[in-house]
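# Observations on chain architecture
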Amino acid sequence: MANHKSAIKRARQNELRRLRNKSVKTRIKKIVKEARSLAGDTSGADLPVRISTVQSAIDKAAKKGVIHKRTAARKISRLSKLANSVSS
């Protein structure tokens, strides 16, 4: 455990950030999984709306620094590619 006052504060801040980042990452995983399962269905009519929602959430996470901007771009690119293959 930290001994200095500033180190104690830093540990407390890191714990709060860890929990916040964890919730954002979990949400991204969940909505990406839902979008992929929706693409797996034969209809896929609601897919473009879902993809835009997922893209927005991923962009927000990258903007906050929860995930790297290139990771966000890769995830969005793969989802867009999947959506295009389903629609055609």
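Residues numbered from 1 in each chain as written. Predicted model: local features only at pLDDT ≥ 70, side-chain atom pairs only at ≥ 80, totals over all residues. Heavy atoms only, no water.

## So, helix H2 (residues 47-64)
For an α-helix, the turn length of 3.6 residues means that residues three or four places apart are oriented alike. For clarity, the cut-off: Segments assigned H or I by DSSP are reported as helices when at least four residues long, segments assigned E as strands when at least two residues long, and all are numbered from the N terminus. Any helix carries an expected span of 1.5 Å times its number of residues minus one. We call two residues in contact when some of their heavy atoms are within 4.5 Å.
In this model, H2 (18 residues) spans 26 Å end to end at C-alpha, consistent with the 26 Å of a helix rising 1.5 Å per residue. Summarising the contacts, the buried residues of H2 are in contact with helix H1 (5-40) and helix H3 (69-87). Downstream of H2 by one or two residues, Gly65 has phi in the positive range, about 90°.

## Focus on the nonpolar core
This is how the line gets drawn: In these notes, a set of buried Ala, Val, Leu, Ile, Met, Phe, Trp, Tyr and Cys residues joined through side-chain atoms within 4.5 Å is what counts as a nonpolar core. Only protein chains enter the accessibility calculation, which uses a 1.4 Å probe; a residue whose area is less than 20% of its type maximum is buried, one above 50% is exposed, and one in between is partly exposed.
Of all hydrophobic cores here, the largest spans 20 residues; its most connected members are Ile28, Val54, Ile58, Ile67 and Leu79. At the level of elements, H1, H2 and H3 are the ones that each hand at least two residues to this core. Look past the residues within four positions of Ile28 in its chain and what remains in contact with it is Ala57, Ile58, Ala61 and Ile67.

## A few points about the packing of H2 against H3
Just so we agree on the cut-off: Comment: axis = line fitted to C-alpha atoms, over the contacting stretch for helices; angle = value between 0 and 180 degrees taken between N-to-C directions. For classification, angles of less than 35 degrees are called roughly parallel, those exceeding 145 degrees roughly antiparallel, those between 65 and 115 degrees roughly perpendicular, and all remaining angles oblique. Gly is put with the polar residues, along with every residue not named as nonpolar or charged; the nonpolar set is Ala, Val, Leu, Ile, Met, Phe, Trp, Tyr, Cys and Pro, and the charged set is Asp, Glu, Lys and Arg.
At a minimum axis separation of 9 Å, H2 and H3 run at an interaxial angle of 175°. By the angle class used here, H2 and H3 are roughly antiparallel. The segment H2 lies against H3, with Leu47, Ile51, Val54, Gln55, Ile58, Asp59 and Ala62 engaging Lys69, Ala72, Lys75, Ile76, Leu79, Ala83 and Val86. Of the residues assigned to the contact of H2 with H3, the class counts are 10 nonpolar, 1 polar and 3 charged.

## Brief notes about the confidence of the model for the protein
Test applied: Confidence per residue, as judged by the predictor, is encoded in pLDDT with a range of 0 to 100.
Taken over all residues, the pLDDT of the protein has a mean of 91, while the share at 70 or more is 95%. Averaged over each element, pLDDT in the protein is lowest for H3 (92) and highest for H1 (94).

## Regarding the packing of H1 against H3
So the rule is basically this: Helix crossings are classified by the rotation of the near helix relative to the far one: an anticlockwise turn of less than a right angle makes the crossing left-handed, while a clockwise turn makes it right-handed.
Two numbers describe how H1 lies on H3: the axes approach to 10 Å, and their chain directions differ by 15°. The orientation of H1 relative to H3 falls into the category roughly parallel. Along this stretch, H1 crosses H3, giving a crossing that reads as left-handed. Contacts from Val32, Ala35, Arg36 and Ala39 in H1 reach Arg78, Leu79, Leu82 and Val86 in H3. Tallied by class, the residues present in the contact of H1 with H3 amount to 6 nonpolar, no polar and 2 charged.

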